[in-house]
2 protein chains.
Amino acid sequence: MPAAKISQNTAPQSQPARSGPAQPRTQAGLASSLRIAVGRLNRRIRNQREDDSLTLNQLSALGILERKGPLPVGELAACERIRPPSMTRIVSGLEELGLAVREPDQVDRRVINVRITDAGKARTAADRKRRDAWLTHKLRDLTPDERERLRAALPVLEKLAGL
Amino acid sequence: MPAAKISQNTAPQSQPARSGPAQPRTQAGLASSLRIAVGRLNRRIRNQREDDSLTLNQLSALGILERKGPLPVGELAACERIRPPSMTRIVSGLEELGLAVREPDQVDRRVINVRITDAGKARTAADRKRRDAWLTHKLRDLTPDERERLRAALPVLEKLAGL
DNA sequence: TCTAACTCATTACCTTTGCTAAAGGCCAGT
DNA sequence: ACTGGCCTTTAGCAAAGGTAATGAGTTAGA
């Protein structure tokens with residue numbers, strides 16, 4: 001099957017072993033490499049979903065509601081660093097699934113508080129485990145040193161991400 | 001303007017200072033935190049583009065073409081860990097901008113080799129600098145220790161991302 | 001008090017970016 | 001010369017984000 005080798009006819013591809021990413025010595029190099037790695041890793045994570053599982057946003061929003069209690073749509077959007085209309089859509093999906101409910105605020109009737117339901121809490125734990133299964137598995141394949149590096153860098157990533 | 005405080009009426013929000021994300025002690029916790037951080041950081045990076053700049057994918061594809069020379073669409077897609085149809089669209093965009101050209105392979109006329117043009121090379125350097133400006137700036141605001149943690153973790157992130 | 005300006009959520013619509021399925025052209029082995 | 005397989009592309013779908021405009025509710029000032 002010659003088809004698989006055709007690129008060698010036209011592409012230089014001098015050192016087959018040197019396929020790794022560039023080495024970031026400068027600060028701009030670090031930024032560039034980090035940008036690429038984060039983009040690809042995010043794509044891979046996003047694709048690891050089974051058909052009936054919640055989307056990343058649904059899961060993330062439920063997590064916040066679980067940790068912080070009921071929140072207005074706008075604040076929930078701010079937590080996720082997205083705009084209110086986007087959060088409205090996510091909340092609508094959650095409400096249709098019965099995982100969250102909208103409750104008009106008693107004090108200021110412009111705001112709609114979103115609360116996670118018991119079904120939502122039950123679903124979150126199970127779903128998060130499935131959702132993270134791929135990544136957890138990948139982490140298990142790392143060396144302890146590599147895991148430690150990730151753990152050490154995580155707060156920095158979160159800082160860059162705006163918490 | 002009391003409107004901004006309304007959430008305090010309904011949300012617990014006991015400790016204002018404890019707004020940081022959960023501490024990942026377990027491996028699943030690490031996976032979860034990493035997933036969320038990577039997702040948000042990616043979103044922030046992606047949004048830092050000026051109107052006339054290339055998209056992340058266009059920039060990334062051009063970078064590969066610049067480093068590796070002309071490649072068939074399918075291989076280019078494999079490098080980016082995306083499917084061929086997605087790469088077709090990216091290449092079409094680049095071709096419209098005159099930054100890359102499609103060249104039917106001489107040997108196997110099913111494959112279309114993609115080559116970066118001189119205009120593409122010129123554009124890449126300038127654009128990448130602008131593109132990374134935000135992240136570079138953020139990196140500059142970190143402490144040397146934080147930067148070092150990122151640098152140490154970068155190879156691990158790249159490994160997880162599949163290079 | 002009553003009106004003007006503001007705020008919150010939502011609706012409507014658009015964009016980007018990925019996917020799968022299927023079509024069309026091309027290659028190779030039987 | 002078929003038949004099956006491979007590479008690209010087209011067509012259509014879904015997720016996830018955005019802006020602009022609308023409607024309802026609130027606040028502040030004349």
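Caption draft 1: A look at the protein's contact with DNA strand C. Taken together, 24 residues are adjacent to DNA strand C, and G74 and R102 of chain A together with N57, S86 and R89 of chain B come closest. For DNA strand C, the fraction of atoms within 4 Å of the protein that belong to sugar or phosphate moieties is 65%. Measuring from a phosphate oxygen of DNA strand C, one finds a side-chain N or O atom of R43 of chain A at 2.8 Å. In this structure, G74 of chain A approaches DNA strand C through a main-chain N or O atom, which is 2.6 Å from a phosphate oxygen. Of the residues forming the surface near DNA strand C, the biggest block, four residues, is contributed by helix α5 (residues 84-96) of chain B.

Caption draft 2: Expanded view of the interface of chain A and chain B. In this assembly, 77 residues from chain A lie in contact with 78 residues from chain B. The contact between chain A and chain B buries some 7,200 Å² in all, and 63% of this surface belongs to carbon and sulfur atoms. When residues of chain A are sorted by the area they lose upon contact with chain B, R35, R40 and L160 of chain A head the list and together hold 10% of the total. Counting the contacts that link chain A with chain B gives six salt bridges. Between E80 of chain B and R40 of chain A there is a salt bridge, and its shortest N-O distance comes to 2.7 Å. Contributions of two or more residues to the side of chain A that touches chain B are made by α1 (7-10), α2 (27-47), α3 (56-68), β1 (71-72), α4 (73-80), α6 (118-140) and α7 (144-160) of chain A. No other element matches the 17 residues that α2 of chain A contributes to the side of chain A that touches chain B. Here the side of chain A that touches chain B is built from residues that sort into 37 nonpolar, 16 polar and 24 charged.

Caption draft 3: Main features of the sheet that holds β1 of chain A. Residue and element names in this part refer to chain A. In space, the three strands of this open sheet follow the order β1-β3-β2, with antiparallel pairing throughout. Each end of this open sheet is capped by a strand with a single partner; those strands are β1 and β2 (100-104). Pairing of β2 with strand β3 (residues 112-116) involves five bridges; the strand directions are antiparallel. In the strand pairing of β3, E103 is matched with N113.

Caption draft 4: The arrangement of the relation of the copies chain A and chain B in detail. The operation relating chain A to chain B is a screw motion whose rotation component is 179°, with 0.0 Å of axial translation and a residual RMSD of 0.3 Å. Taken together, the rotation angle and the small translation identify this as a two-fold axis. A high fraction, 99%, of the interface residues of chain A reappear at the interface in chain B, so the copies pair face to face through one surface.

Caption draft 5: Region of interest: the packing of α4 of chain A against helix α5 (residues 84-96) of chain A. Residue and element names in this part refer to chain A. Two elements in contact, α4 and α5, have axes separated by 8 Å at closest approach and are oriented at 105°. When the axis of α4 is compared with that of α5, the two are roughly perpendicular. Every residue of α5 that contacts α4 at V73, L76, A77 and E80 is listed here: P84, M87, T88 and V91. Tallied by class, residues from the contact of α4 with α5 come to six nonpolar, one polar and one charged.

Caption draft 6: The arrangement of the side chain of T124 of chain A in detail. All names here are of chain A. Topologically, T124 is positioned in helix α6. The class of T124 is buried, set by a relative accessible area of 1%. Contacts of T124, omitting those with residues within four sequence positions, involve L59, L62, E66 and I116.

Caption draft 7: Inspection of the pairing of β3 of chain A at higher detail. Two elements, β1 of chain A and β3 of chain A, share two bridges in a ladder whose sense is antiparallel. Note that in β3 of chain A the partner of L71 of chain A across the bridge is V114 of chain A.

Caption draft 8: View of the pattern of salt bridges. According to the stated counting rule, one finds 18 salt bridges over all chains in the structure shown. Note that D132 of chain B is salt-bridged to R35 of chain A, the shortest N-O span being 2.6 Å. With D132 of chain B in helix α6 (residues 118-140) and R35 of chain A in helix α2, this pair bridges two chains. A relative accessible area of 4% places D132 of chain B in the buried class. Linking E103 of chain B and R115 of chain B is a salt bridge whose minimum nitrogen-to-oxygen distance equals 3.0 Å. One end of the pair, E103 of chain B, is in strand β2 (residues 100-104); the other, R115 of chain B, is in strand β3 (residues 112-116), and 12 residues separate them in sequence.

What counts, and at which threshold
- Residues numbered from 1 in each chain as written.
- Chains lettered and ligands numbered in written order.
- Predicted model: local features only at pLDDT ≥ 70, side-chain atom pairs only at ≥ 80, totals over all residues.
- Heavy atoms only, no water.
- Near = heavy atom within 4 Å.
- Polar contact = N/O pair within 3.5 Å; in protein donor to acceptor, adjacent residues only side chain to side chain.
- Helix = DSSP H or I, 4+ residues; strand = E, 2+ residues; numbered from the N terminus.
- Contact = heavy atoms within 4.5 Å.
- Buried area = accessible area lost by both parts, 1.4 Å probe.
- Salt bridge = Lys/Arg side-chain N within 4 Å of Asp/Glu carboxyl O.
- Nonpolar A, V, L, I, M, F, W, Y, C, P; charged D, E, K, R; others polar.
- Pairing = 2+ DSSP bridges.
- Least-squares fit on C-alpha atoms with pLDDT ≥ 70 in both.
- Axes fitted to C-alpha atoms, helices over the stretch in contact; angles between N-to-C directions.
- Parallel < 35°, antiparallel > 145°, perpendicular 65-115°, else oblique.
- Buried < 20%, exposed > 50% of the residue type's maximum accessible area, 1.4 Å probe, protein only.

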